[in-house]
Amino acid sequence: ARTQVRTDPSETSCPGSPPSPPTVVSNLPYEDQRPRNQPNRRYAGNAVKTNKYTLWSFLPINLCEQFRRLANIYFVGIAALNFIPEVNAFQPQVALIPICVILTLTAIKDAWEDFRRYQSDRDACLSHPRSQHGFVERRWKDIQVGDFVQVLANDIIPADILLLHASDPNGVCHMETANLDGETNLKQRRVKSPFDPLSFNATVICEKPNNNLNHFKGFLEKDQIKIGFGIESLLLRGCTVRNTAAASGIVVYAGHDTKSMLNNNRPRYKRSRVESKMNKEVLCCVFLLFCMCLIGAVGHVIWLKTFSSVPIYFIPDSDGNETPSVVAGVYRFLTMIILLQVIIPISLYLSIELVKMGQVFFITQDIDLYDKEKDMRMQCRALNITEDLGQIQYVFSDKTGTLTENKMVFRRCTIMGTEYPHTENGESGKWVGQLWSHQDTTVGRDNILPCLPLRCGMHITVYHGATHLEFFLALAICNTVVVSTETAQRQRVRDPVQSTLYDIPTSSSSVVSEDEVQGTPCKGHTRRRQTWTASSLAGPKEVHYEAQSPDEAALVHAAKAYGFTLLERTPSHVSVRLPSGTTLTYEVLDVLTFDSVRSRMSIIVRHPHTKEIILYTKGADSGIMERLSQMKSESRVIANKTQKHLDMYANDGLRTLCFTRKVQEFNYYDWLVLRQGAMAAIDRKDELVRKTAADMETNLTLLGATGIEDRLQENVPETIQALREAGIQVCVLTGDKLETAVNIAYSCKLLDHKLVGKPVCKPVCVSQEVCKNMLSGTLAQLPLYDTQEAKVSVGLVIDGRTLGLLLDSDLQEGFVQLCTHCRAILCCRTTPLQKSRVVTLLRSKLGVMTLAIGDGANDVNMIQAADVGVGISGQEGMQAVMASDFAISRFKHLKKLLLVHGHWCYNRLANMIIYFFYKNVAYVNLLFWYQFFCGFSGTAMIDYWFMIFFNLFFTSAPPIMFGIMDREVSAAVLLQLPELYRRGQHEGGYRRSTFWIAIADAFYQSLVCFFVPYWTYKGSDIDIFTLGTPMNTASLFTIIFHLAIEIKSWTVVHWVIMVGSVVVYFVVTLAFCAMCVSCNPPSDPYWTMQEQMSDPMFYLVCILTTVVALLPRYTLHALRGTLVPSDHLRARQIDNMPPHHRDLWLQEWKKLKDLCASYPSLSSSTAQRYSTAQSPSLTLVQDPSPALAQSPSLTPVQDPSPSLVQSLNPKLAPNQGLNSAAL
Amino acid sequence: MMASSYNIKEEDGHHSGSSGPGGNAVRTKKPDNTAFKQQRLPAWQPIITAGTVLPAFFIIGLIFIPIGIGLYVTSNNIKEFEIDYTGIDISSPCFNCSQSYSWNTTTSCTCSIPFSLDQPFESNVFMYYGLSNFYQNHRRYVKSRDDSQLNGNLDSLKAPSKECEPYRINENMPIAPCGAIANSMFNDTLDLFYIDPNGTRTPIPLMKTGIAWWTDKHVKFRNPGGSSSNLTAVFYGTTKPLSWPKPVYELDTDPENNGFVNEDLIVWMRTAALPTFRKLYRIIQKKNSLTPTLPRGNYTLDIVYNYPVRSFDGRKRMILSTISWMGGKNPFLGIAYISVGSVCFFLGVVLLFIHHKYGNRNNSSDIPN
């Protein structure tokens, strides 16, 4: 990346300190000043350092970071205790080893991660100097706030720059934000007020740096004139300039203040549920430790009291005195803490991190979660909540782009109350031809031209020609679609690497190019355009639309299909070629951009000929209908008709948009003043802007409405079905219309006919009182359903406004109660905030594990509110992915992610944690039991080195491998039997009881491991470490074989690690015993292992101990496996069968399940009776659209419902399109 | 991890080939379809049910019971004789000696205890002394030694480890061997006499060597100055432990068994694991195959009673024992093997029953064939 900074020496000086809203002035006048006199010196430089450490500061800073963890302080404190001679249990230096190893390993991990960040910084900050024009090449890091920077085409923007000049005559600069948010469509930026850098003497005042990529506010102040600007004038660091030869501007934010850096968060740290539960268990261990130490201390005092005089083996202090027994007790308490510290598993946290890294590796490697089309793997963005995937109880899903493709297809439209279908393989261009028959005849001949079949085209032309024209003009103009020409396209693709990069994301982005027209309105589009290009004299350039939303792209393409081609869009004007071939160039006065509160957008243009100021508005019917002018009865009729059509569209699952037009006669300029004031505001800017927009959008005249189809993604019904069977509540929260949403919900099997009733809280309830009554009424009805059978369930469809009321504090309880009774929840017309509030409410009130999945910016709140956020990298950019913990590319991947990976990860981690606790308790208790035979003096009969090795080498790899690789049930069977997932939801893998059973087992096993050798060698001439050797060995075997019992599937890796651990134990122990004569002074394990291994008794003791220690667990497993086999065990049995047999069994299993499930439906007739007794404001509908519901394979998006087609044009149903020619 | 931070490199055109995780047209991000990465490695999936574990239980039972019987018989064949000579009882010959608390009595107290063996001891007989309630495993006691000094390190000889405190330096001279363990070394002398039926006392030859581990004697314990025979000179400048009557280089007359390599010292220095322990004192070797090592008859144990045990309520014992491959007499392991074997066998039967009663239920009910 190259960057030019213009330098221009100048001799004035007037340094000022920046006031609280950042003020930026040009740096040029201060070029020769010393740094401390620079006016902009207080702002961050452009050097970016995302790595936390430097080579020198690594050690101190990393250590500080690590000691923020309580556990590390605890272990260091214990190691420090060892340095007190009265208290120490081990060699102080040696006791430091474990904590040092842990700290070192963590430091290495941190250093590695930091190094990777460093590498990416270095790439960003180094550039090759080159001089050109009046600008001087600078390195990125030398750029400062207030500098003028020129960026050339295809350069990466080095800082956040306020655009002041662009090479484009219109002052437009295009940039690609793929680096920032992954969106590949070009974003337009424009110059608000052109300036020459040399004479720039204005002050830029902007808001404080924040991370909102789509928002920026500030103004330029020059001679008391304020010029407001927003995000549309800001070039963002990290983006690439495209289609613009050069753009220059003043740096307003640099380095870490830039929006991209503020957005560049580290992987989010979420604490998983298992982990927080585990922390409680750690506290249990602390309590256990405390008790054991107390026993040790009290025991020591009692033991001391048994002696009437000082025995020979008591060692007096250096001054010759004996320690008083109570003081000795306190000392022993501390010694015991040191001795038994391992009961708090020191390496558990590290092991968990390693295990999760392994799990993440396997999840991302899954080929089934790979999307070939987008060349995208599953991404795990949060590294530490893999196991939460196995405990999900509620899934909150977005609809558009998540359940559906979000590839919009223009389907139908209604113009002035008349409805027209738009067939995909349209028959002829008759309609357009008739409409503008005096125009281009080639259009009429083109058979492939998509068309609106119309019965009496001529008639309509006569009456409504102008309105139709306006409608399509609105379609073409009223949007923010950017047109890029063929040449521009070539420019982008110039760089070979760029081209490959570009090819891949194209299909995933919302760029709808001419070549990628499959999903767009007209199949014959491309060919048609080609013909047209050939025949047209004007020789229109290849057009290429870049839309921020797929809806807009679909609309523009639809308009183009009917001859209204959007040719160019600049901030100041927009050009449309009419079917007649004439090009109209409107002057754009203002664009009132879309926001979710208004749910509409408008464009204000001046007609080239009539000079009328015209406002075109498009938006959701809810945002439009109430703002129509109610003057003429004719328009009311049209509005009613249109509303009827809209309802039909919605029933069909189409997305609807209304288009209006208004001719602004006067007071536009009054409004403009207000508008500019709002744009320049810093406080309450959004509110003011919204208000001015709303002021303008009144008294609209309805032109018509469109229905856009959004196809369901593949396998969505199956996935939802599977999630259901897995006991997961699926809730769909969408911004779409109620009818559209209900329809999609039926087609994706969220709602189905087994649902007895479906209480719809209608938008009728506008007041809280009504809502409250309705809620209590509904709740009172619920038990009626429940009496049938527990499984009989109710679907809840609720709309945004009602939802808003229900989310009020006093209705929350009822709402939550209602939700628990419903099998399906569908919320329509919700705002992003409501989505996240629903998630938060259910999550906090029910204490359930929630997952939110979505693809767009409007799902970000919800994704962040849920325990697990899943982003779909779809058509609407990467914002959802950026906010998510896991990113997938299709909704169907959720099935394998949850049912297989979630299940595995949860079980693996839960088992590993339990095992870890068990392991430490089992081992440490050996030492504890020994205290009863050494006067509670804190002696260890195992050399401390062995204890360190034991934890670090001999028994560390197997549990980690267990946590990463164990597999109870194979993926195939898990996918076939989703109900196996339920165990994780109820924390079946990791209960408090499981923990205590494991601890009890650990106590038992340690007793066995201690007392079998004890009784064997009791009274003999055995020495301390020789006694410790069989205990240590037996304990190792017990711990390893215990894991062997728990391991569910043995792959070659398992064998290698398990056998390897045992081999390593013997090799290391033998080597250590042979080499260490007096290297570890007070303890002398020299030759003990060899001595023991030459004694047959050793083996006999070890075998007996291991068998006795594991006998209860093994027997219980066997008994449980036979007497009360779990579903998982049955599934494993099925897993072990030969394939043919397995299928048979799986079928049987399912049949059995279906039998259970179908039982309630047998009595559904009873349910119908209940459904008739309703409160009036509440509709419990048996089946809202029988026609749709009864054809099982129906996907409304593909086949418009028969009723709809009949009402319009019975003979022109899509598959009978040919007949229309006969007419 | 990488996904979270936007990576300029990818878009920049400065592609370094393999380093970029994506964007390369030839290399896709498609994961490798290998058995390992797709977690499809062939696996053995054992299922623990009554049916599958049955054989294990029977096999354990069948193996353990014979082993247990073998161990039990072996243990029973070991002959062991034990005599407590603490002298707590007034009637005991050693009662007078036991009244002394002091370590530094120069006058040694002797007593002799007669005993008789009902059975002859055939093979080599190991003679132990046993102490009770002696916590040689007390943490601070265990540490109170300097292995490096005992290994013949001259520096450590002159400046023993701090661990030896307060038995490190006496009258400004380093103690050799330092530390509480050495200081409290067992110093009774035990002698055995066979009383012929005609009344003559025949001393039984007791081997002083071969009682310590070979590695201890030859590797771990060494006299300072290597094989220098003049131990007096080597130990010059050191002093004897406080409670020892004589310095370390006068422990024995045999130069191979003197100083730090004295086997009595080595045996003592190997601290016992449990408060009641025995330590090998002497070995009575079998003379020939015709006569037993210790024939049936009367014996006398002569004791030079130096070691006070009253301060900790201790007991002193002399133990004679023959030895088998499994060491000394201990019936525990045999009994344990037999009982565990029986329990396993019993559990096997129970599981067999359960398997027959319930095991088939799972397998047949789901599929009505």
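Residues numbered from 1 in each chain as written. Chains lettered and ligands numbered in written order. Predicted model: local features only at pLDDT ≥ 70, side-chain atom pairs only at ≥ 80, totals over all residues. Heavy atoms only, no water.

1. Here we look at the sheet that holds strand 8 (residues 203-206) of chain A
Residues and elements named next belong to chain A.
- As summarised here, the arrangement of the four strands in space is 2-8-9-10, forming an open sheet in which the pairing is antiparallel. The two strands at the open ends of the sheet, each matched to only one other strand, are strand 2 (23-24) and strand 10 (225-230).
- Where strand 8 meets strand 9 (residues 217-222), four bridges bridge the pair, whose relative direction is antiparallel. Within strand 9, the position partnered with Ile205 by the bridge is Phe219. (Pairing = 2+ DSSP bridges. Helix = DSSP H or I, 4+ residues; strand = E, 2+ residues; numbered from the N terminus.)

2. Remarks on the pairing of strand 9 (residues 297-305) of chain B
Residue and element names in this part refer to chain B.
- Across nine bridges, strand 2 (residues 109-117) lies against strand 9 in antiparallel orientation. Paired with Leu117 across the strands is Gly297, a residue of strand 9.
- Relative to strand 9, strand 6 (residues 189-195) runs antiparallel, the two being bridged by seven bridges. Of the residues in strand 9, the one forming a bridge with Asp191 is Asp302.

3. A closer look at the packing of aromatic side chains
- Per the counting criterion, the structure on display carries 76 aromatic pairs over all chains.
- Residues Trp303(A) and Phe314(A) carry aromatic rings whose centres are separated by 5.4 Å and whose planes lie at 40° to one another, so their mutual orientation is tilted. Taken as a pair, Trp303(A) in helix 6 (residues 273-305) and Phe314(A) in the loop between helix 6 and helix 7 (325-340) lie far apart in primary sequence, eleven residues in all.
- According to the relative accessible area criterion, Phe314(A) is buried, its value standing at 11%.
- Between the aromatic rings of Phe472(A) and Tyr562(A), the centroid separation amounts to 5.1 Å while the plane-to-plane angle is 40°, which identifies the pairing as tilted. With Phe472(A) in helix 11 (residues 457-477) and Tyr562(A) in the loop between helix 15 (550-561) and strand 21 (565-569), this pair connects stretches of sequence that are 90 residues apart.
- Owing to a relative accessible area of 0%, Phe472(A) belongs among the buried residues under this scheme.
- Its relative accessible area of 0% is what places Tyr562(A) among the buried residues.
- Looking at Arg201(B), its charged tip hangs above the ring of Phe193(B), at a distance of 3.9 Å from the centre.
- The ring of Tyr281(B) is capped by Arg282(B), whose NZ or CZ atom sits 4.1 Å from the centre of that ring. (Phe/Tyr/Trp six-rings, centres within 6.5 Å; stacked < 30°, edge-to-face > 60°. Buried < 20%, exposed > 50% of the residue type's maximum accessible area, 1.4 Å probe, protein only. Lys NZ or Arg CZ within 6 Å of the ring centre and 35° of its normal.)

4. Here's the deal with unusual backbone geometry
- Here the amide bond leading from Glu165(B) into Pro166(B) is cis, since omega sits at -5°, within 30 degrees of zero.
- Among the secondary structure elements, Pro166(B) is positioned in the loop between helix 6 (154-158) and strand 4 (169-170).
- Cis geometry is adopted by the peptide bond preceding Pro177(B), which originates at Ala176(B) and carries an omega value of -15°.
- Phi at Met416(A) is positive, roughly 50°, even though this residue is not glycine.
- Here Met416(A) is to be found in the loop between strand 16 (404-415) and strand 17 (418-421).
- Non-glycine residue Gln39(B) carries a positive phi angle of around 55°.
- Secondary-structure assignment places Gln39(B) in the loop between helix 1 (8-12) and helix 2 (50-77).

5. Points about the state of the cysteines
Residues and elements named next belong to chain B.
- For the coordinates displayed, the defined rule picks out three disulfides over all chains.
- Through a disulfide, Cys94 is tied to Cys111; the S-S separation comes to 2.0 Å. Between Cys94 and Cys111 the disulfide shows an S-S torsion of about 90°. By sign, it is right-handed. Pair noted here: Cys94 is in the loop between strand 1 (80-84) and helix 3 (95-98) and Cys111 is in strand 2, with a separation of 17 residues, a long-range link.
- The exposure class of Cys94 is buried, given its relative accessible area of 0%.
- Judged by relative accessible area, which is 8%, Cys111 ranks as buried. (Disulfide = S-S within 2.5 Å.)

6. Description of the pattern of salt bridges
- Applying the stated criterion across every chain yields a total of 41 salt bridges over all chains.
- For the salt bridge of Glu709(A) with Arg711(A), the shortest nitrogen-to-oxygen distance reads 3.7 Å.
- Arg711(A) sits in the partly exposed class, given a relative accessible area of 24%.
- Residue Arg315(B) is joined to Asp84(B) by a salt bridge in which the shortest nitrogen-to-oxygen separation is 3.8 Å. One end of the pair, Arg315(B), is in strand 10 (residues 315-322); the other, Asp84(B), is in strand 1, and 231 residues separate them in sequence. (Salt bridge = Lys/Arg side-chain N within 4 Å of Asp/Glu carboxyl O.)

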